[in-house]
Amino acid sequence: MDCSFISINDLQRMFHKLDKNQDGLVTLDELHWILERLGWSEHTPEELELFVGKQSLDLDEFLRFYDDAVSDRKETKNDSVVDNDDAIVGAFNVFDVNGDGYISSEELRTVLERLGFEEETKSWDCGRMIRAHDKNLDGVIDFEEFKNMMLHVQ
């Protein structure tokens with residue numbers, strides 16, 4: 001399981017945050033809520049149910065769903081990856097809170113908090129996360145750096 005873009009540990013924390021009643025399942029309404037925040041809300045909860053074939057997902061199904069969703073955002077043609085720019089632009093815009101074309105560590109923290117990671121963001125170093133993908137060393141992530149991160153391009 002690849003789970004590119006968001007680590008498996010973060011996905012597991014996200015799952016447990018979404019699982020409000022702690023029954024080990026995330027409903028499709030909860031799944032739709034998180035997809036909207038990631039900028040991937042092209043389906044209604046009803047359409048998601050047709051896609052996944054049930055009304056809720058356990059952790060393993062949630063991880064597979066995420067991995068499939070990320071994989072679907074890339075199309076393979078002649079062994080080269082062609083990205084779905086619309087999906088990547090949508091995801092970038094989720095994190096570019098002020099619309100200036102860059103993602104700062106403050107914007108990253110804001111979005112992570114909005115996704116339900118309030119406690120975790122206190123210990124996470126969002127600046128370090130930005131620096132890990134900031135290839136031109138300007139202290140922010142521009143669209144190309146974000147796209148390269150999403151597609152795992154070095």
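Look up: the structure comes first, before these words.
Keep in mind that what you see is a predicted model, and the values were worked out from it rather than measured.

Asker: Got a minute to help me understand the pattern of salt bridges in this structure?
Answerer: Where side chains of opposite charge bring their charged atoms close, a pairing between them can arise. Inspection of the entire model under this criterion finds two salt bridges. In this structure, the salt-bridge partner of Lys54 is Glu61, at a minimum N-O distance of 2.6 Å. Taking relative accessible area as the criterion, Lys54 reaches 33% and is therefore assigned partly exposed. The partner of Arg131 in a salt bridge is Asp125, and the shortest N-O contact between them spans 3.7 Å.

Asker: Just checking my understanding: could you explain the packing of aromatic side chains for this structure?
Answerer: The relation between two aromatic rings is expressed through the spacing of the ring centres and the mutual angle of the planes. The full count for this structure, using the stated rule, is five aromatic pairs. Relative to Phe65, the ring of Phe51 has its centre 5.9 Å away and its plane inclined at 75°; by these criteria the two rings are edge-to-face. Taken together, the residues Phe51 in helix H3 (residues 45-52) and Phe65 in helix H4 (residues 59-72) connect sequence positions 14 residues apart. Note on Phe65: relative accessible area 10%, which makes it buried.

Asker: Hey, could you run me through a negative patch on the surface in this one?
Answerer: Taken together, the side chains of Asp29, Glu46, Glu47 and Glu49 make up a negatively charged region of the molecular surface. Considering each element in turn, the negative patch owes the most residues, three residues, to H3. Of the residues examined, Glu46 reaches a relative accessible area of 55% and is grouped as exposed.

Asker: Where do I start with the nonpolar core in this structure?
Answerer: It is characteristic of soluble globular proteins that their nonpolar side chains tend to be buried jointly. Of all hydrophobic cores here, the largest spans 34 residues; its most connected members are Leu31, Phe62, Phe95, Ile103 and Phe146. Looking at this core element by element, the count peaks at five residues for helix H5 (residues 85-95). Not counting chain neighbours up to four residues away, the residues in contact with Phe62 comprise Leu11, Met14, Phe15, Leu18, Leu31 and Leu57.

Asker: How should the packing of helix H2 (residues 28-37) against H3 be read in this particular structure?
Answerer: When two helices pack together, their arrangement is captured by the angle between the axes and the distance separating the axes. Running from amino to carboxyl end, H2 crosses H3 at an angle of 110°, the nearest separation of the two axes being 9 Å. Viewed along their axes, H2 and H3 adopt a mutual orientation that is roughly perpendicular. Relative to H3, H2 is oriented so that their crossing is right-handed. For the pair H2 and H3, the contacting residues are Leu28, Asp29, Leu31, His32 and Leu35 in the first and Pro45, Leu48, Glu49 and Val52 in the second. Partitioning the contact of H2 with H3 into residue classes produces six nonpolar, one polar and two charged.

What counts, and where the lines are drawn
Counting restarts for each chain, with residues numbered from 1 along the sequence as it is written. Predicted model: local features are reported for residues with pLDDT of at least 70 only, side-chain atom pairs are reported and counted for 80 or more only, and whole-chain, interface and lining totals are derived from all residues. With hydrogens and water excluded, all non-hydrogen atoms of the structure serve as input to the side-chain values. Criterion for a salt bridge: a side-chain nitrogen of Lys or Arg within 4 Å of a carboxyl oxygen of Asp or Glu. Buried residues are those whose accessible area, probed at 1.4 Å on protein chains only, stays under 20% of the maximum for their type, while exposed residues exceed 50% and partly exposed ones sit between those limits. Pairing of aromatic side chains requires ring centres within 6.5 Å, counting the rings of Phe and Tyr and the six-membered ring of Trp. Pairs whose planes differ by under 30 degrees are stacked, by over 60 edge-to-face, and all others tilted. Numbering of helices and strands starts at the N terminus; helices are DSSP runs of H or I of at least 4 residues and strands are runs of E of at least 2. The residues that make up patches have over 30% relative accessible area and no salt bridge, and they are joined within 9 Å when like-charged or within 5 Å when they are Val, Leu, Ile, Met, Phe, Trp or Tyr. What sets the accessible areas is the Shrake-Rupley method with a 1.4 Å probe; for residues, cover comes only from the shown protein chains. Charge counting follows a simple rule: Lys and Arg are positive, Asp and Glu are negative, and His as well as the terminal groups are ignored. Lys charges are placed at NZ, Arg charges at CZ, Asp charges at CG and Glu charges at CD. As used here, the term nonpolar core means buried Ala, Val, Leu, Ile, Met, Phe, Trp, Tyr and Cys residues forming a set that is joined through side-chain atoms within 4.5 Å. It only takes one pair of heavy atoms within 4.5 Å for two residues to be counted as in contact. Axis definition: a line fitted to C-alpha atoms, limited for helices to the stretch in contact. Angles are taken between N-to-C directions and run from 0 to 180 degrees. By definition in this entry, angles of less than 35 degrees are roughly parallel, angles greater than 145 are roughly antiparallel, angles of 65 to 115 are roughly perpendicular, and the rest are oblique. Each crossing gets its hand from how the near helix is turned against the far one by less than a right angle, where anticlockwise is left-handed and clockwise is right-handed. In the scheme used here, Gly and all other residues not listed as nonpolar or charged are polar, with Ala, Val, Leu, Ile, Met, Phe, Trp, Tyr, Cys and Pro taken as nonpolar and Asp, Glu, Lys and Arg as charged.

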